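# Chain and residue survey
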Amino acid sequence: MQGIFQKENTDKALKYGIYRHLPTYEKIIRNLVSFFFKNYVNFSGRATRSEYWWAYLFNNIVYMALGILFAISGGSSLAAYDAYGDMSIAYMGAGAIFYILMMLYCLAVLLPSLSLMVRRLHDIGKSGTYILMGLIPVVGYIFILVYMLTGSAPDNQYGPKKV
């Protein structure tokens, strides 16, 4: 079989470092997540569609992991009542720890998530106040989803288009 993927060509490429400069998913995710937290409260500028969705994916993975640990460690017993109808702290166990971790993580990413959403709205040429549309039940969520899925606008008042 002829081609660049022959063993000899691959060995040469590895020897001369051709593949060394290609990004891996690990590097991409690490860079995007660090960029997410570096722009903690930066509500100006623009954010690309991929920047928004990678951060969204990372946050949901963390939420799911903490939620699974919460459920496995007896988190459902947080709502358990003893024979007298009183909630007992003894039932909480390790579930309470994961519940507190979930709430702390939620608070930690609240401002970065809002700033990222505002910068994403800037990227499509909308004002950051459009984020308030999310407060409208059902319809607001649909509008926000459509805006987050919309492609980038050319250069606008919020800055040049990111590549």
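To keep things clear, this report deals only with the structure shown in the data block. Values in this document were obtained by computation on a predicted structure and should not be read as measured data.

## Quick look at the side chain of N39
- Note that N39 resides in the loop between α2 (25-38) and α3 (49-72).
- With sequence-adjacent residues up to four places away left out, N39 is seen in contact with S115 and R119.

## Comments concerning the environment of T129
- Structurally, T129 is set in the loop between α5 (110-123) and α6 (139-149).
- Look at T129 and you get exposed, because its relative accessible area is 54%.
- Sequence spacing of T129 and V118 is 11 residues, and the spatial spacing of their C-alpha atoms is 7.8 Å.

## Some words on the pattern of salt bridges
- This model, assessed by the stated rule, comprises 3 salt bridges.
- Ionic pairing is found between R119 and E51, a salt bridge with its closest N-O pair at 3.2 Å. Taken together, the positions of R119 in helix α5 and E51 in helix α3 put the pair 68 residues apart, joining distant regions of the chain. Judged on exposure class, the residue R119 and its partner E51 are both buried.
- Residues participating in the shared-partner salt-bridge network are R46, R120 and D123.

## Details of the layout of surface pockets
- Estimated volume of the largest pocket: approximately 510 Å³.
- As for the largest pocket, its lining consists of 22 residues, of which Y52, Y56, S113, L114 and M117 are closest to the centre.
- Across the lining of the largest pocket, the residue classes break down as 18 nonpolar, 4 polar and no charged.

Calculation notes
Counting restarts for each chain: residues are numbered from 1 in the order of the written sequence. In view of the model being predicted, local features appear only for residues whose pLDDT reaches at least 70, and side-chain atom pairs are presented and counted only at 80 or more, with totals across whole chains, interfaces and linings using the full set of residues. Values reported for side chains reflect all heavy atoms of the structure, with hydrogen atoms and water molecules removed beforehand. Helix numbers and strand numbers start at the N terminus; a helix is a DSSP run of H or I with at least 4 residues, a strand a run of E with at least 2. We call two residues in contact whenever any of their non-hydrogen atoms come within 4.5 Å of each other. Note on exposure labels: buried denotes an accessible area under 20% of the residue type's maximum, exposed denotes more than 50%, and partly exposed covers the range between, all computed with a 1.4 Å probe on protein chains only. What makes a salt bridge here is a side-chain nitrogen of Lys or Arg within 4 Å of a carboxyl oxygen of Asp or Glu, nothing more. Buriedness for pockets is judged along seven lines, at least five of which must meet protein on both sides within 12 Å for an open set on the 1 Å grid over protein atoms alone, while cavities are sets there where a 1.4 Å probe fits but cannot get out, and lining residues have an atom within 4 Å of a point. Grid points are joined across faces, edges and corners, and a volume is the space filled by probe spheres set on the points. Basically, the charged four are Asp, Glu, Lys and Arg, the nonpolar ten are Ala, Val, Leu, Ile, Met, Phe, Trp, Tyr, Cys and Pro, and anything else, Gly included, counts as polar.

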